[in-house]
Structure formats: C-alpha cells, structure tokens
Amino acid sequence: MRRSTTVLMLVLAVSLGVCAAAGAAQVAAPPAGTPNLALMVIQPSDLVPGAVIVGQAYVAPPPKFTADYGSEFTAPATPDGDEYALLEDYVALAPDASTAGSYFGAQRALFGTAAGRKLLLRKLVKTTPKRDALKAKDIKFSAAGSAGVGTSSFVETITFDVKHRKLQQVVVLFNTGAIDVSLALSGEAGQKVSQSDAISLSNTIDSHIDNVLGSTGSTGPTGTTGPTGTTGPTGTT
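Residues numbered from 1 in each chain as written. Predicted model: local features only at pLDDT ≥ 70, side-chain atom pairs only at ≥ 80, totals over all residues. Heavy atoms only, no water.

Account for the overall build of the protein chain, naming residues and giving values.
Along the backbone of the protein chain there are 4 helices and 7 strands. Along the protein chain, helices (α) and strands (β) appear in the sequence α-β-β-β-α-α-β-β-β-β-α when read from the amino end. Counting contacts in the protein chain only where the partners sit at least 6 residues apart, residues at least 24 apart contribute 60% of the total. Carbon and sulfur atoms make up 56% of the accessible area of the protein chain, which totals about 10,000 Å². (Helix = DSSP H or I, 4+ residues; strand = E, 2+ residues; numbered from the N terminus. Contact = heavy atoms within 4.5 Å. Areas by Shrake-Rupley, 256 points an atom, 1.4 Å probe, with all protein chains shown as cover.)

Account for the packing of aromatic side chains, with residues named and values stated.
As enumerated under the stated definition, the model contains 4 aromatic pairs in all. Between Phe 65 and Tyr 103, the aromatic rings sit 5.2 Å apart at their centres with planes inclined by 65 degrees, giving edge-to-face as the arrangement. Here Phe 65 is found in the loop between β1 (52–59) and β2 (67–74), whereas its partner Tyr 103 is found in helix α2 (residues 97–112), with 38 residues between them in sequence. An aromatic cluster is present here, built from Phe 104, Phe 111 and Phe 154 joined pairwise through their rings. We note Arg 108 situated over the ring of Phe 154; from NZ or CZ to the ring centre the distance is 4.8 Å. (Phe/Tyr/Trp six-rings, centres within 6.5 Å; stacked < 30°, edge-to-face > 60°. Lys NZ or Arg CZ within 6 Å of the ring centre and 35° of its normal.)

Which residues make up the packing of α2 against helix α3 (residues 114–127), and what are the values?
Between two packed helices, the angle of one axis relative to the other and the distance separating the axes together describe the packing. Interhelical geometry of α2 versus α3 gives an angle of 80 degrees and a closest axis separation of 5 Å. In terms of orientation, α2 and α3 fall into the roughly perpendicular class. Along its contact with α2, which presents Ala 109, Leu 110, Phe 111 and Gly 112, the element α3 presents Ala 114, Gly 116, Arg 117, Leu 119 and Leu 120. Per-class residue counts for the contact of α2 with α3 are 6 nonpolar, 2 polar and 1 charged. (Axes fitted to C-alpha atoms, helices over the stretch in contact; angles between N-to-C directions. Parallel < 35°, antiparallel > 145°, perpendicular 65-115°, else oblique. Nonpolar A, V, L, I, M, F, W, Y, C, P; charged D, E, K, R; others polar.)

With reference to specific residues and values, describe the sheet that holds strand β3 (residues 86–93).
What links the strands of a sheet is backbone hydrogen bonding, and the strands pair in either a parallel or an antiparallel sense. With respect to topology, 7 strands assemble into an open sheet ordered β1-β2-β3-β7-β6-β5-β4, the strand pairing being antiparallel. The outermost strands of the open sheet, each flanked by one partner alone, are β1 and β4 (139–141). Within this sheet the neighbouring strands show an average axis-to-axis angle of 15 degrees, counted without direction. Note that β4 and strand β5 (residues 152–162) share 3 bridges and pair antiparallel. Directly across from Phe 141, in β5, lies its bridge partner Ile 158. In the packing of α2 onto the sheet, the strands contacted are β4, β5, β6 (165–176) and β7 (179–186), and the crossing angle to β5 comes to about 35 degrees. (Pairing = 2+ DSSP bridges.)

Before we move on, could you go through the pattern of salt bridges and cite the residues and values that matter?
On inspection of all chains with the given rule, the structure shows 3 salt bridges. Between Lys 137 and Asp 138 there is a salt bridge; the shortest N-O distance is 3.4 Å. Owing to a relative accessible area of 57%, Lys 137 belongs among the exposed residues under this scheme. Since its relative accessible area comes to 12%, Asp 138 is described here as buried. Of the charged contacts, one joins Lys 166 and Asp 161 as a salt bridge, the two residues approaching to 3.6 Å between their closest N and O atoms. Overall, Lys 166 belongs to the partly exposed group, its relative accessible area being 48%. (Salt bridge = Lys/Arg side-chain N within 4 Å of Asp/Glu carboxyl O. Buried < 20%, exposed > 50% of the residue type's maximum accessible area, 1.4 Å probe, protein only.)

Could you give me a rundown of the environment of Leu 120, with the residues and numbers involved?
Tracing the sequence through the fold places Leu 120 in helix α3. Remark: the alpha-carbon pair of Leu 120 and Leu 110, spanning 10 residues in sequence, is separated by 6.7 Å.

Can you break down the pairing of β5 residue by residue, with the values?
Working note: regular strand, side chains alternate between the two faces of the sheet. Among the 11 residues that make up β5, 9 are buried, leaving the element largely enclosed by the rest of the structure. Where β5 and β6 come together, 11 bridges link them in antiparallel fashion. Looking across to β6, one finds that Phe 154 is bridged to Leu 173. Counting the residues that bridge the hairpin from β5 to β6 gives 2 residues, and of these Lys 163 lies at a positive phi of roughly 50 degrees.

Give me unusual backbone geometry: which residues, what numbers.
The backbone of Lys 64 sits at a positive phi, close to 75 degrees, despite the residue not being glycine. Topologically, Lys 64 is positioned in the loop between β1 and β2. Owing to a relative accessible area of 72%, Lys 64 belongs among the exposed residues under this scheme. The backbone phi angle of Ala 75 is positive, close to 55 degrees, even though this residue is not glycine.

Shape is all these values report; function is a separate question.
This is the structure in structure tokens:
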C-alpha cells in the first residue's frame, strides 16, 4: 500500500468504528440465508481494467445489523478515465428499513454536524500514524449535500494536509430500504477528486442492490437461493 493512502484508508474505518461497537476490519461470516452482499459492492467489471483488489470480505456489522460486506481497490479508474488512489465501499444489511435509517442518521450527524465532526476529527488524529503528524486543523470538510442516491444520501469532500501534501477524499453515504452503503473515493497527493465520480459509483452499487433484492427478490435468480446467491454455484458456499 502506498504511503499516500494511509490516512485516507482511515476515514471509513474510523467512522464505522465511531458509529458501531465492532471495528470494520473484523471478519465476520454472515448468518445463513443472508442475501449475497458480495454482489452489491463495486465489482472489478465496474472499473477500467487495472484496478487492484486489496480485500473483499464480510466484516463485523454495526449493532443490530445482520451483515456487512466491504471491498477495497487501489488504482481504481472510473469509466470516464479518471484514475484514483483508493476506493473503499461497505454494504450493510439491517433487519428492517427503520434500523438502517437510524444508522444512516448517525453517520450523517457524524460527518455533517459540528459535534459529529469534532468527534471524527479527534478519532482520526488519534488513529493516524505519528509519522504523518496530522492535526485537527489539517483536516477540512466541505459542505455536505445530497448525492441523489437511494432513499437518503449525502456527499462531501474531505481534504487532508499531510506534511504539506494535500490529499482529497469524497465520501458518499446512502441508504435504501434495509441497506446502508458507505463509499470513499480517494486521490493521490494534489489530485482533485470528483464528487460526480463517487456519486456515479454509488449509483452503480444501488443498481447492484436492485439486481439482488429488487425485481428478483431474496429467492430470485440473484437472491439468496438463486444461482448467484449465497447457496448457489457462484455464492459464498
């Protein structure tokens, strides 16, 4: 992993840790009958060939959630030709839309309110390797706005000044039904990260969710018991 991505990798991990009792990096198998969340995250085919998969796995879900799946790519290039440093996304399944909506609200408050950002800044500074000498004043948040994805969403840009090297990251969070999604698209030093690219990738995830849970349903051809589901020939078992 390139050093320039060290700080950027922390944002979703820290935010998930703040909002959840369990850390996002902890591997956790989903319960039987869980829809195949691996089909919902960004797939290699969604990116220009050349992106490197760093990791894909079920992780410990937030409290009251059923399952959570995350993926991470380095050198991801979007279809419009822009290549970035890092792409992370998590798809979490709750038992119902109310639970997912409450969790989305907590994440929205973390990123979009003064009190939430203060907590996030404190955690980020504490977690960042000492060699980066990151301070709260070195992290800047843009205004948060709607990403227009799913039922509820928001997008914002975070800029890190690490030893006079500016690193930019766009975070998109959205929920749809009982699903909560977190995505972070990060650039190399000095690179401007496009919010439209992050939103486009989020719409791709939303489309994947529809393909698994939408018209086909949990027992349809891409559902939990279908040929690409958790018990099918291309599923987790």
